[in-house]
Every structure is written in structure tokens, then in C-alpha cells.
Protein chains: 2
Amino acid sequence: MSEFAHRMETMAGTAEVVKNLFAALGDPELISLGIGAPASEALPVDIVREITNDVLRLDTRGIEALQYGPVMGVKDLREVVAEQLLAPKGVKTDADHIMITVGGLEAISLTCQLFINPGDVILVESPTFVHAVETFEMFEARCIGVRMDDDGMEVEDLENKIRQYHPKMIYTIPTFQNPTGRTLSQARRKRVAELSAMYDVLVLEDDPYRDIRYSGEDLLPIKSFDTTGNVILGNSFSKIFSAGSRIGYIVGNDRVMEMLQRAKTASNSQTSMLPQIQCAEFFKRGYYEKHHKLICDLYRERRDVMMECLDKYFPEGTKHTRPDGGLFTWAELPGGLNTTELLKEAVSRKDVKVSYIAGEKFFTDGERITNCMRISFGAVPPDKIRIATERLGRMFCSKL
Amino acid sequence: MSEFAHRMETMAGTAEVVKNLFAALGDPELISLGIGAPASEALPVDIVREITNDVLRLDTRGIEALQYGPVMGVKDLREVVAEQLLAPKGVKTDADHIMITVGGLEAISLTCQLFINPGDVILVESPTFVHAVETFEMFEARCIGVRMDDDGMEVEDLENKIRQYHPKMIYTIPTFQNPTGRTLSQARRKRVAELSAMYDVLVLEDDPYRDIRYSGEDLLPIKSFDTTGNVILGNSFSKIFSAGSRIGYIVGNDRVMEMLQRAKTASNSQTSMLPQIQCAEFFKRGYYEKHHKLICDLYRERRDVMMECLDKYFPEGTKHTRPDGGLFTWAELPGGLNTTELLKEAVSRKDVKVSYIAGEKFFTDGERITNCMRISFGAVPPDKIRIATERLGRMFCSKL
């Protein structure tokens, strides 16, 4: 049979992570601290049904929902993004500079489609989001990690690596980062935009967790400091509305939007209509404010329980982040414990049966630190967080 | 600002066609014979609302609809495809060898993602579907046209061009082809599969119109003659269920499916859940049979009116296809009339105000024939077909 294209050969590495993630969704006995999905309790099922009942009629938006629509996406959803989600965060734009994508991930893949040639260097946080790396691999880019501390990407290391590698793009998840839960400080956000202008490097700001902030002070997106058009903002409705709807968006200047329309048309022509309409109406009818409070309360409680339990049950000397939002924390275990090796035991032992994501997978180059793990609390009810961390903690302690 | 990737530079040509297509959707005075969309009357708005009311509940499929789901797509929809759409057409497969895509167009772009390297040759029908060519251009392929007659692609010319160009892939729309409405004969379907095996060339069989057959005898897909796995079948629910849902599917062997999962994950991770569930339930609850009869009756009437009017109003010597299904016919005008040049006049003249797609755009290489046009009748009510063809015909006659 015919050979696959070159790009597919570079992609073997990360796909298994995905399979494991989704396989874990199926086993009812396992408690998964691995899934990055939103909580089922955070999905507005009844509201979406109510909206749909109203819009899916011949005299309302029924034909629009089932007919071909604009490549850019449904206009009132793009207006909602500009007015309700971006303007309050200091990003001045309008519906003509926002494209609706198939989830936040398509914002990443379309940006690559537009800009990435084989061999281009992309600077990423170390560690970073596995699926983004997989996309970069499909476009045959070379990912180079930038060091992080508690304030996110270290901008001195970023500048050094810009000089050393002449990257095409910097990829960052500035707020409640996946996998670490860390947030890039305001000063560094400004600096990233400055470096982008100074060295003419693109920034892809991927910010799907920013609107799930349940403590601390809000920060401005990197895009709000953009003076050149080099900063492209991608985001998703998966965490604040519905993950299954697969809607996200991408914000850029005229030049980017013109090319995006070509790439989107050639990829899948447009995003599904009904999910876009449902989401637009969710915001326009004023459901978001109340729902947002509900999900922030839900995740804050889970974060608090997770922090308490990690401190209580995990081995002494464990370090972990204390995120002000989002769905994850990142733990570093003491005593040379290897989270990759221990995962199989954690999942299969009858007195544990807990999954997590071993940290090693999130490093793209250089040193792959083996004592780290991503721990999700967003989709796990508090009582299960207690059980899972106690069991995992006991197992880890027994290995020291 | 940063430069675009090489692949975007090759794409300038066809994008304007798309813009014009969608712009035409907006003008209420214009009668569009250009749009390839299904008829509004063929969209099952009330049925989909009824289904949604039932499935979008916490105790039914509500969480599934709004949560992340499988990369391959919703399982019962894949079973519907295998059992209700493919088995009756002689294609033996199962849910594990079908991936749900974002419309039929994503089946094309994912196939390219898997197989097409820059510079690869793709053989296409001459003329062929503009959007597919745009996708092939994004993957930096070179498109070479294969001659057609009333039985579709000429297989002798196909074999000659396989020998001459060593293509990676043959792209064909075998049934009620876009733009011509022509159908590849059964004998030729078998021959295309044989050539694919003999020369180890992929075939992408794109078959979105096949299920809208309203006269003549059903034919087996090329995929049903596939002995090597070289034939990949893409299809869409846009014409038989809903275009706005953006759901299609792709059928391939184990090796293709494994790679597809990687490419899909890296592109947008999965197709929207609710449209998939709505479509699966539409078939499982038995709505399809009645709906299918309704849309076939609708399109047959429009086809009949269009054939009658073309014979009556278009200049003597006009040739046009008489499709047994689908949404288009293809006309060749006599006397050196240039459809590209006449389009502007047809759209803007107050006593005409009719749009169509000039045929020249559908040719990818070599001779671009200028006296042809794609005429859509699917989305146009019969009275408007009469008015539009009479006006257009009068204008064309006046130029001779």
C-alpha cells in the first residue's frame, strides 16, 4: 500500500498518551486524576436544551443551524467573543478579526497551517501541553523548551533561546498552564509581547483556562500588549460552556484572517452551526454569568480539597503548585520516585486504582524530569479526590 | 510581521470562488444557480428538534453531547454508517474502520495530511470540485486533469496519466459529480480499483451525492472493488441530513485508521458531539427512509423542470448533462459564448439577476474551457428555475 507522508513519520511519540487518556474514561472502578476534561456537573445540559428548543424552529434559527454557513463562523458568536470575552480583558477587536474554530486545538493547527514550514523552531514552555506538541510534530516543527518557574516561562531564557534558535513562533499557555497550573506574571506577559516585536517572532497565546479563575487577581492577555500583529490569540469554549461542542476561536489581524479563511475552507470549510448558535445564545440570553459563578465555585472547592489532601497524604518533601484557576496541579515527588514507572502499579493495584499523567511526557527536549506528575482535580468530586490522593500518597510513601 | 508558510503561497487562486459563492447567499433579489447547498426544504428542522429534546437530558445523552468524546467519532453513528449506508452498497466494513469527520471536506484534508508530500501528483477529473483542489494546493500537490465523457473519467486516459506522472493519488467524485452531474459507469469503477492495485496508487473516492439518486440504477462504489486497501472512501451527511451539522466520514483499513487518529487529534481532536448524536438518532429512530423519499421527490422535480427549461430557453446547440441524482447539471454553450465574461453581466443586469458558476474555474491544468457552466437546481424552487433559465437563456441568445 502507498506510503504515508513524511509528516506522519514524526508523530509516533505522543499518540499513545491520548489513547490512554480516553481509555481511562471507560473504567468505572478507576479514579482518574489524569483527565483534563471539565466536570460533568459543569455542563449546562438543561440550558442548552432550552435554548435549542427555541432556536431550532423554522421561524427562528432552524434553517441557519442546518444549512451551510460562513467560513468565519456565526456572526453573533464572534460578536459575543469580542464584546463579552475580550473587551473586558483589554483586547480591542471585533467580529471581523475573530474566526470560530473546531475547539481550541484547531486554533493551534490552523496557525501552524498558516505559518509553520518543516524544520521551523517553536519555543514551548517546559513542560507543555502534549496535544499541541503533537500538532507541531505533524507540521514537522522542532520544539525547544523554555524554562519555567512559579511565574511561568522565564523571559531571560526565552530571549536567549530566541537568539540561539531563531524560532518562528513562541507557544504559551499563559494562564493556569497545562500541565503545571502556573500563570505567567503580568510583567512577563508584557515582556513576551516586547520580545515578539523586537525579534519579529510570532506568539501563539493559547488561553483556554483563563476564564476559570476562582481566586487571585485577573491578568491581561499577552495579546493586549501586542503592537505588531505578531501575537495570535487562541481560545476555547470547552471549559466555560461545553467541551463536546468543539468550538474555539482565533484572534488575529486582517492579514491573518484572510489567510485563515483559505486554510479553514481547505481543512473543513466551517465549524458546526448548531453548537455555535447554542453558545451565542447562551451568552446573549445572559446565562453565562450565573453559570460561570457555579463552575468557579465548583472548581474552587475541588482545588481546595486537592491542596489539602496533597499536603496531608503525599510524601513529605512533595512540591506542588497552588493554582488560582483551571483544572490541574503539578506535583514533584521527593526521593527519586519515578512517576512513569509507578503509573502502571497505581492503575492496576487493587488497593490504589488511580490514574494520573506522568510528567515526563510533557517535556519535549533535553532533560525529561521523571519525578513529576499532572494531577487533575476539575472533573473529580471532592470525596473521590480524598480517596484517590490518600491511596496514591500511601503507595508513594511506601516506596521511599 | 512573520512570513506565511510556503503552502499558503500556492493557494491564492481559488479562494475568491468561495467568497463569491457565499456572498451570493445574501442578496435576496438574485436567483442563484451557483450554490451547491441542499434545499432549505430538505433540512429536517422539526425532526432534529424533536430528537434533541429527547437526547439532551441528564438521564439520556446530555452529558455525552457536551463532554469530550472519542477521536473516531460517536460509535452508534459509525455503526449506522456501516450497517445502513455502506453494507447495502456492497462495502463490507465496521465501526472500527470508519472515522467521523468535520464534513466531507475534512475527509479530503485528513487523507492529504496522511499521504500527500509537497510535489506529489494527484489525478483529478477535468473538470473537478474547486474546494478539493484548494485543499490539494494547501498540501502543495500538483493536480493533473483526466478527461471525462458522459460515463465519467476516461479510464484509458487515466492509465496513460498514471504511467506518465506516477501520481500518489486519484481523486474522483464518481456519482453525480461536482460540477458536471456525470456518473462513472460500473465497468469503469471496477477498472479504477484495478488500476489502483496494479500501479499501487491511492484512490480517494468522494461520494457525497450518491445517496440522492432519484432515477436510474444504483451502482456499486469503487471501494466495493478494492482488494488492496488503496481505495479510501469519503462521504458526507450534508446532502442527506444537514449541511450545517458538518459531519462526514472516511472509510479505510487498520493502517489508515491508526494514522487518521493521530492526524485528527492533531487537527481538532474530534468532531462536534451533538450533531453526531442527532444524526445517529435520525437513522436509528427510522426517520431517514421517509426523509430520503421526500428529498428525492423534491430534487427529481427540480431536475425535471431544469432539463425542460434548459431545452426550452437556452440557445440552440447547448449541450447539458441529464443527471439521475445530485444537485447540478453542466451546460456547454454554443457559438463561442464565454461564461466567465458573461457572469458579471448576468448578475448585475436588472432584467437578469441570475448567478451561476463559470465552468473555467473547475479546470486545474491545460485547456480551460470557457463555454461551460455549472448550474445548480437543488436549492432553487421550480418557479424560480423557470424565471432564472428564461432570463439567462434570453441573455445568452442575444449574444449570438
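Our subject is the structure that appears above.
The model shown is predicted, which means the values in this text are computed figures rather than measured ones.

Caption draft 1: Broad picture of the interface of chain A and chain B. Taken together, the contacts link 69 residues of chain A with 69 residues of chain B. Contributions of two or more residues to the side of chain A that touches chain B are made by α1 (6-9), α2 (15-24), α3 (45-55), α4 (62-66), α6 (103-115), α7 (130-138), α10 (254-267) and α11 (273-284) of chain A. The biggest single contributor to the side of chain A that touches chain B is α10 of chain A, with eight residues. A class-by-class count of the residues in the side of chain A that touches chain B yields 33 nonpolar, 27 polar and nine charged.

Caption draft 2: Spotlight on helix α14 (residues 382-398) of chain B. All names here are of chain B. Compared with the 24 Å implied by 1.5 Å per residue over 17 residues, the 24 Å span of α14 between its first and last C-alpha is a close match. When we look at burial in α14, the residues that qualify are I385, A388, T389, L392 and F396. End-on, the buried residues of α14 take up no more than an arc of 95 degrees, which puts them together on one face. Residues of α14 that are exposed and angled more than 90 degrees away from the buried face: D383 and S398. Residues of α14 that are buried in the fold lie against β1 (31-32), α12 (288-313), α13 (339-348) and β13 (354-355).

Caption draft 3: Local environment of the pairing of strand β2 (residues 98-101) of chain B. All names here are of chain B. The alternating pattern of β2 places I98 and I100 on one face and M99 and T101 on the opposite face, and all of these are buried. Alignment of β2 against strand β10 (residues 248-251), held across four bridges, turns out to be antiparallel. Across the sheet, the residue bridging to I98 is V251, located in β10.

Caption draft 4: Local environment of the packing of α3 of chain A against α11 of chain A. All names here are of chain A. One can describe the packing of α3 onto α11 by two numbers: an axis separation of 10 Å at closest approach and a directional angle of 105 degrees. The pairing of α3 with α11 is recorded here as roughly perpendicular in orientation. For the pair formed by α3 and α11, the contact residues are I47, V48, I51, T52 and V55 on the first element and I277, Q278, E281 and F282 on the second. A per-class count over the contact of α3 with α11 returns six nonpolar, two polar and one charged.

Caption draft 5: Seen up close, the sheet that holds strand β10 (residues 248-251) of chain A. Residue and element names in this part refer to chain A. What the seven strands build is an open sheet, ordered β2-β10-β9-β8-β7-β3-β4; its pairing is mixed. Bordering the open sheet on either side are β2 (98-101) and β4 (142-146), each of which pairs with just one other strand. Here the average twist between neighbouring strands, direction ignored, is 20 degrees. As defined by bridge partners, strand β7 (residues 169-172) adjoins strand β8 (residues 202-206) across four bridges and the pair is classed as parallel.

Caption draft 6: Representation of the nonpolar core in the model. One finds L114, V203 and I232 of chain A together with I232 of chain B to be the most contacted residues of the largest nonpolar core, which totals 249 residues. The residues touching V203 of chain A, leaving out its near neighbours within four places in the chain, are I170, T172, V192, S196, I222, N230, V231 and I232 of chain A.

Caption draft 7: Highlighting the sheet that holds strand β14 (residues 357-358) of chain A. Strand order in this open sheet of four strands is β11-β12-β15-β14 (chain A), and the pairing throughout is antiparallel. Since the sheet does not close on itself, it has two edges, and those belong to β11 (319-320) and β14 of chain A, each with one partner.

Caption draft 8: Quick peek at the relation of the copies chain A and chain B. Overlaying chain A with chain B gives an RMSD of 0.0 Å, the required rotation being 180 degrees about an axis along which the chain moves by 0.0 Å. In symmetry terms, the pair is related by a two-fold rotation axis. When you check the interface residues of chain A against chain B, 100% turn up at the interface there too, and the contact is symmetric in its surfaces.

What counts and how
Residues numbered from 1 in each chain as written. Chains lettered and ligands numbered in written order. Predicted model: local features only at pLDDT ≥ 70, side-chain atom pairs only at ≥ 80, totals over all residues. Contact = placed C-beta atoms within 7 Å. Helix = DSSP H or I, 4+ residues; strand = E, 2+ residues; numbered from the N terminus. Nonpolar A, V, L, I, M, F, W, Y, C, P; charged D, E, K, R; others polar. Expected span 1.5 Å × (residues − 1). Buried ≥ 20, exposed ≤ 12 C-beta atoms within 10 Å, placed from the backbone. Arc of directions from axis to C-beta. Pairing = 2+ DSSP bridges. Axes fitted to C-alpha atoms, helices over the stretch in contact; angles between N-to-C directions. Parallel < 35°, antiparallel > 145°, perpendicular 65-115°, else oblique. Core = buried A, V, L, I, M, F, W, Y, C linked by C-beta atoms within 7 Å. Least-squares fit on C-alpha atoms with pLDDT ≥ 70 in both.

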